[in-house]
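Structure assessment
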Amino acid sequence: MIKGISRAGIGEAGSLERLVVEAAKAGFAAVDAGGDELQRWLEEAGLEAAQAHLQRHGIQLGAIGLPVEWRADEDTFRSGLKDLALHAEAAAQFGVTACCTYVLPATDYPAAHFMALATRRLRTCAQILGAYGIRLGLEFVGPHHLRSAWANPFIWTMQETLDWIDAIGEPNVGLLLDAYHWYTTGGTEAELLQLSPQQIVHVHLNDAKPVPVNEVLDNDRLYPSEGVIDLGTFLKALQTIGYRGVVAQEILTLEPPAGSSEQLLARSAAGYRKAYAAAGLK
């Protein structure tokens, strides 16, 4: 599995070009990026130079984020579809095959009506992405405090999300599997071993503080191997089922982490080495 990094938890890393350099120095092999970043890079440097920069540093691009706000009103949703096509076009030129979005566990809309709308909207997004050879990953969100942050419960477990993916009905839709959300929903090794690698679009790695699981906050995460999540079991299960894609760090914190981006990347890399070693991986 490919060790990757996102901007969440590494401080002010600067331009995407610089992030590529620093990620490679720290021992990572993939970088998540925004579709808008890729558009700018193409405009400023051109595809040939950008690809050469990635190859020179041994870095591939992981996932982009979904630029469409599908959780709000219809006009807002439709206004984002143009950006989605533009981002997908840019990402496809770099060989990116994953685009991800999160699914909040509650909503202020009536849940049944929202499900009908969201299913149609995400199906539309998947169809646009599919035209560019890109998959859509849905991330279930587990922390308990978010389940009551809005008026009506929605979905927050892996199985619920898999059932929803089936209902969306597009072959390029799968899971964004985050270790934090797996932990906060009481996920098990057995559940992971029941997955096929084709069901997973992208993976996030992080860790949790030693507090009761129902008190774990979404934006108070730790770096890999610094907390209580059994990341060795998590990664070993993914390796066992045959997942070989990117495992990208995502660290959300209450306050900006202390240290330079180089120091934070080194901290992340050390955590990855411990987690991969616990799984019997390099």
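Predicted model only: the values in this text are computed from it and were never measured. (Residues numbered from 1 in each chain as written. Predicted model: local features only at pLDDT ≥ 70, side-chain atom pairs only at ≥ 80, totals over all residues. Heavy atoms only, no water.)

**A closer look at the sheet that holds strand 5 (residues 98-103)**
- Taken in spatial order, the nine strands line up as 3-2-1-11-10-9-7-5-4 in an open sheet, and their pairing is parallel. The sheet is open, and its two edges are formed by strand 3 (60-61) and strand 4 (63-65), each paired on a single side.
- Packed onto the sheet, helix 8 (residues 158-168) meets strand 5, strand 7 (135-140) and strand 9 (173-178) and runs at close to 160 degrees relative to strand 9. (Pairing = 2+ DSSP bridges. Helix = DSSP H or I, 4+ residues; strand = E, 2+ residues; numbered from the N terminus. Contact = heavy atoms within 4.5 Å. Axes fitted to C-alpha atoms, helices over the stretch in contact; angles between N-to-C directions.)

**Topic: helix 3 (residues 47-56)**
- Every buried residue belonging to helix 3 is among Ala50, His53 and Leu54, and all of these are buried. The arc that holds every buried residue of helix 3, seen down its axis, measures 95 degrees, which confines them to one face. Those residues of helix 3 that are exposed and aimed more than 90 degrees away from the buried face are Glu48, Gln55 and Arg56. (Buried < 20%, exposed > 50% of the residue type's maximum accessible area, 1.4 Å probe, protein only. Arc of directions from axis to C-beta.)

**Considering the packing of helix 11 (residues 231-241) against helix 12 (residues 261-278)**
- For the pair helix 11 and helix 12, the least separation of the axes is 7 Å and the interaxial angle reads 65 degrees. Every pair of crossing elements has a handedness; the one defined by helix 11 and helix 12 is right-handed. Facing helix 11, whose interface residues are Leu231, Gly232 and Leu235, helix 12 presents Ala275, Tyr276 and Ala278.
- Residue composition of the contact of helix 11 with helix 12, by class: five nonpolar, one polar and no charged. (Left-handed = near helix turned anticlockwise from the far one by under 90°. Nonpolar A, V, L, I, M, F, W, Y, C, P; charged D, E, K, R; others polar.)

**Re the environment of Ile128**
- Secondary-structure assignment places Ile128 in helix 6 (residues 111-130).
- On the basis of relative accessibility, which here comes to 21%, the residue Ile128 falls in the partly exposed class.
- Residues Ile128 and Ala85, spaced 43 residues apart in sequence, show a C-alpha to C-alpha distance of 6.6 Å.
- Filtering out sequence-adjacent residues up to four positions away, Ile128 remains in contact with Leu81, Leu84 and Ala85.

**Thoughts on the nonpolar core**
- By size, the foremost hydrophobic cluster in this structure holds 79 residues, and its most contacted members are Leu38, Leu66, Trp164, Leu177, Phe234 and Leu235.
- With residues up to four places along the chain from it excluded, the contact list for Leu235 reads Met1, Leu205, Val247, Ala275, Tyr276, Ala279 and Leu281.
- Judged by nonpolar contacts, the second largest core, of five residues, contains Ala98, Cys100, Leu176 and Val201. (Core = buried A, V, L, I, M, F, W, Y, C linked by side-chain atoms within 4.5 Å.)

**Considering unusual backbone geometry**
- In the Ramachandran plot, Ser225 falls in the positive-phi region, its phi being about 75 degrees despite a non-glycine side chain.
- Tracing the chain through its elements places Ser225 in the loop between strand 10 (200-205) and helix 11.

**Quick word on the UniProt feature "domain: Xylose isomerase-like TIM barrel" (unreviewed entry) in the chain**
- Per the UniProt record, "domain: Xylose isomerase-like TIM barrel" (unreviewed entry) is found at residues 22-255.
- Along residues 22-255, the helical share is 43% and the strand share 17%, with 22 Å between the first and last C-alpha atoms. (UniProt positions renumbered as here; feature names shortened; annotations may be inferred.)

**What to know about the side chain of Lys3**
- Of note, Lys3 is situated in strand 1 (residues 2-5).
- Among buried charged residues, Lys3 stands out as having no salt bridge; its nearest opposite-charge side chain is Glu226, 15 Å away.
- Discounting residues that sit within four places of it in the chain, Lys3 has contacts with Phe28, Ala29, Ala30, Val247, Tyr272, Arg273, Tyr276 and Lys282. (Lys, Arg positive; Asp, Glu negative; His and termini not counted. Salt bridge = Lys/Arg side-chain N within 4 Å of Asp/Glu carboxyl O.)

**Regarding the pairing of strand 1**
- Inspection of the sheet shows strand 1 paired to strand 11 (residues 246-249) by four bridges, in the parallel sense. Counterpart to Gly4 in the pairing with strand 11 is Ala248.
- Sheet analysis places strand 1 next to strand 2 (residues 30-31), joined by two bridges and oriented parallel. Directly across from Ile5, in strand 2, lies its bridge partner Val31.
- Between the parallel elements strand 1 and strand 2, the chain passes through helix 1 (residues 16-25) in a crossover that is right-handed. (Right-handed = clockwise from strand over helix to strand, strands pointing away.)

**Quick look at the pattern of salt bridges**
- Applying the stated criterion to the full structure yields 13 salt bridges.
- For Glu74, the salt bridge identified is with Arg78, shortest N-O distance 3.1 Å. With Glu74 and Arg78 both in helix 4 (residues 74-79) and four residues apart, this pair spans about one turn of that helix.
- Owing to a relative accessible area of 21%, Glu74 belongs among the partly exposed residues under this scheme.
- Between Glu250 and Arg221 there is a salt bridge, with its nearest N and O atoms 3.3 Å apart. Placement of Glu250 in the loop between strand 11 and helix 12 and of Arg221 in the loop between strand 10 and helix 11 is noted, with a sequence separation of 29 residues between them. Both residues of the pair, Glu250 and Arg221, belong to the buried class.

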